[in-house]
Amino acid sequence: MERLKLVLQYFQSNSESISNGICIILALVSVKLYTSFDFNCPCLPQYNKLYSLGVMTVPPIILFFLGVLVNRHTGLILCYSCRYLFSAMIQRALLAPMVWILVTLLDGKIFICAFSVSVDPALFQGMCKHTHYLNKYIVFLVKSTFWLGWSILLFLIVLGAMGRLIKPCFDDHATFLQTRYWSNYLDVEQKLFDETCVLHARDFARKCVVQFFEDMREDTVLYLPHPPFITNFREDWEEEEEERLHGITKQEQVDQLLNKWYYSKPELDVTRISHRPKTCVTWEDLIFDLVQCVLGVELDS
Amino acid sequence: MDKFRMMFQFLQSNQESFMNGICGIMALASAQMYSAFEFNCPCMPEYNYTYGIGLLIIPPIWFFLLGFVLNNNVSVLAEEWRRPTGRRTKDPTILRYMFCSITQRSLIAPAVWVSVTLMDGKSFLCAFSVNLDIDRFGNASLVQGMSESERIKLLARIPCKDLFQHQEIRAAASRYIKCISQACGWMFLLMMTFTAFLIRAIRPCFTQAAFLKTKYWSHYIDIERKMFDETCKEHAKSFAKVCIHQYFENISGEMRSFHFRRSSRDGSDDDSEDKKSDEEKLLGIRAQDDMNKVLWNWHTCKPALALRKDE
């Protein structure tokens, strides 16, 4: 019970912190992507606005989809519409696009590219030629986008802080605890199911292979009854080796076994070996022992 | 419970995390290769397009094939595909699942190459500079009086800085083409991400039960293969041990009977009271000549692969 608690605790702390970590990594990727992206204003009247709009909107959409994709339970959440999980996933996925938009605003290049067309064309040519002639209008644009970016950031931080402070007054905390518990439960359950499937497949495979070896032994070799009272002394290691050999002791038998494994794989059914009694005593052994007991003599095999 | 968790982690980390790691490394290698590659547009009308588009298409194909080569599951898939039916029926959904998962992982490095190439814009500039309408970038007087082939030759030199004299026209034209290339790059990324989103997010709504089944059995095939190899190895080890032991027994039997005639009779009584000791481990071989004979025989006349059953 205690071990189970420990395991659950580990999974519980793990899934949320992992999701938060992935979310932050994606935000950092977004910043890195922006800095390594070579902004290339086309400097043509028809294309400037389109290009700027594209750079401002298409990467956030891509980052949003990526944010939804990296969540491990996307399929489950969307199909079973669990409200708490859905809103948490959307919130996390929105962080990276917001970071991109903020960075573009703080940088200001996009707005200069987009709105320079409304300025005197001579100045526009000047900007695209990268001369250091800066018109008052362009300076105004740069400053305003800078301040716009910072004010949006401040607004979001204040909103988040207020939300966290005020929410407990309105929401029912007990319901919140319940939904959080069951959302974590989904995560743990899926992990355990995958774990159990893998272990089961391993056991199944081992039994299937052993059963196959034993079937080969019964097919090709006459099963000689193996009396429990062994006449000659056999050392322990020899017993072990005999068991591992599964009765396959000739080259032709091994060849036949490998051939059969390829051409005619056994069916996926290990009922026989799983329901076999632990001590491999056969009818012949029992009768043999009985006879020996009754007669009080040791019989040769 | 702890033991199970450790085992599971080992199994899981072995197969999937390993493949994901290889996938990530190949994506990084793809980006790094592009930055290390020295782009060298030929600036000739006949070769520009081939060079530009070739650079966009051929390395991704190479990365895709490399992804298949580096993926261990390809041989499992091939084996399962070619296996004779025997007593176990073949399930085509499992083959499809395995092929899809291998393909998905192999597509990441080519996608990275294509995106990086498109974002950089040089290959588009090289391929499409001859299709430009030079009037919109500067004064049309530049191409006045030129024949068609001369105009095309001039346009083909735009990607090369040192071959094209009019720098403003070159800057404007390269900006334009780069902008189109970047737009294509972003559209490509959007398409890939959206497709991945559809597959990952929408598919479970329709086929989750069948998906769980195919996932289980495709893992099972891999595990069964490993188990069979393990069991064969154990069997071979035991086979070898017993075979060698019997060989030494045979030889030592011969040696003992040979030495017996020379030594006293008292030694014969000790045989039946053999206990586990260093003496026994020598298997009756005590002289250099005897050992040499054993080794010689082992090479020239190996015993048959048929273990006799002790009665």
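Definitions and cut-offs
- Think of each chain on its own: its residues are numbered from 1, step by step along the sequence as written.
- Chains and ligands are labelled by the order in which they are written, letters from A for the one and numbers from 1 for the other.
- Thresholds applied to this predicted model are a pLDDT of at least 70 for local features of residues and 80 or more for the giving and counting of side-chain atom pairs; totals over whole chains, interfaces and linings are not thresholded and use all residues.
- As a rule here, side-chain values come from all non-hydrogen atoms in the structure, and water together with hydrogens is ignored.
- Only DSSP runs of H or I covering at least 4 residues are called helices, and only runs of E covering at least 2 are called strands; the numbering of each starts at the N terminus.
- We call a residue buried when its accessible area falls under 20% of the maximum for its residue type, exposed when it is over 50%, and partly exposed in between, using a 1.4 Å probe and counting protein chains only.
- Residue contacts are defined here by distance: any two heavy atoms, one from each residue, within 4.5 Å place the two residues in contact.
- Reported accessibility uses the Shrake-Rupley method at a 1.4 Å probe radius. Residues are deemed covered only where the shown protein chains occlude them.
- UniProt positions are given in the numbering used here, feature names are shortened, and annotations may be inferred rather than shown by experiment.
- Values of pLDDT, the confidence the predictor places in each residue, fall between 0 and 100.
- Directions from the helix axis toward the C-beta atoms define the arc.
- For the purposes of this analysis, a disulfide is any pair of cysteine sulfur atoms at a distance within 2.5 Å.

J.: Which residues make up the overall build of chain B, and what values go with them?
T.: The helix and strand tally for chain B stands at 11 helices and 0 strands. Its helices and strands in sequence order give chain B the pattern α-α-α-α-α-α-α-α-α-α-α, from N to C terminus. Looking at chain B as a whole, 35% of its 311 residues qualify as buried. A separation of at least 24 residues holds for 78% of the contacts in chain B among residues at least 6 apart in sequence. Accessible surface, chain B as shown: approximately 18,900 Å² in total, 61% of it carbon and sulfur.

J.: Tell me about the UniProt feature "transmembrane region" (unreviewed entry) in chain A, and please be specific about residues and values.
T.: In the UniProt entry, the feature "transmembrane region" (unreviewed entry) is given for residues 21-39, 51-72, 93-117 and 137-159 of chain A. A distance of 29 Å separates the end C-alpha atoms of residues 21-39 of chain A, which is 84% helix and 0% strand.

J.: Now, about the confidence of the model for chain A: what can you tell me, with residues and values included?
T.: Residues and elements named next belong to chain A. Chain-level pLDDT for chain A is 75 on average; 73% of the residues reach the 70-or-more range. Confidence, read as mean pLDDT per element, is least for helix α6 (residues 121-128) in chain A (48) and greatest for helix α2 (residues 45-69) (90). Note on residues 119-127: pLDDT under 50 across the span, and 11 contacts to partners over four residues away in sequence or across chains. Predicted confidence is poor over residues 222-231, with pLDDT under 50, and the contacts of this stretch with residues over four places away or in other chains come to 14 contacts.

J.: An account of helix α9 (residues 236-245) of chain A is requested, with residue identities and associated values reported.
T.: All names here are of chain A. If you check which residues of α9 are buried, you get E238, E241 and L245. Axial view of α9: buried residues confined to an arc of 60°, hence all on one face. Seen from the open side of α9, the exposed residues pointing more than 90 degrees away from its buried face are D236 and E243. Following α9 by one or two positions, H246 adopts a phi angle in the positive range, close to 50°.

J.: Lay out the state of the cysteines with the relevant residues and their values.
T.: Cysteine pairs can be linked by a disulfide, which is a covalent bond between their two sulfur atoms. One pass over the full model with this rule turns up 3 disulfides over all chains. Shown here is the disulfide that connects C41 of chain A with C113 of chain A, its sulfur atoms set 1.8 Å apart. For the disulfide bridge between C41 of chain A and C113 of chain A, the dihedral angle about the S-S bond is near 85°, and by the sign convention the bridge is right-handed. Taken as a pair, C41 of chain A in the loop between α1 (2-36) and α2 and C113 of chain A in helix α5 (residues 109-115) lie far apart in primary sequence, 72 residues in all. What pairs with C43 of chain B in a disulfide is C160 of chain B, and their sulfur atoms sit 1.6 Å apart. Taking the sign of the torsion about the S-S bond as the criterion, the disulfide between C43 of chain B and C160 of chain B, at about 100°, is right-handed. Of the two residues, C43 of chain B is situated in the loop between α1 (2-36) and α2 (48-70) and C160 of chain B in the loop between α7 (148-156) and α8 (167-262); the sequence distance between them amounts to 117 residues. Just as C43 of chain B is buried, C160 of chain B falls in that class too.

J.: Which residues make up the UniProt feature "transmembrane region" (unreviewed entry) in chain B, and what values go with them?
T.: Residue and element names in this part refer to chain B. Those places that UniProt annotates as "transmembrane region" (unreviewed entry) correspond, in this numbering, to residues 21-37, 49-70 and 183-202. Here residues 21-37 runs as 94% helix and 0% strand, with 24 Å between its end C-alpha atoms. This span, residues 49-70, is 100% helix and 0% strand, and a straight line between its end C-alpha atoms measures 32 Å.

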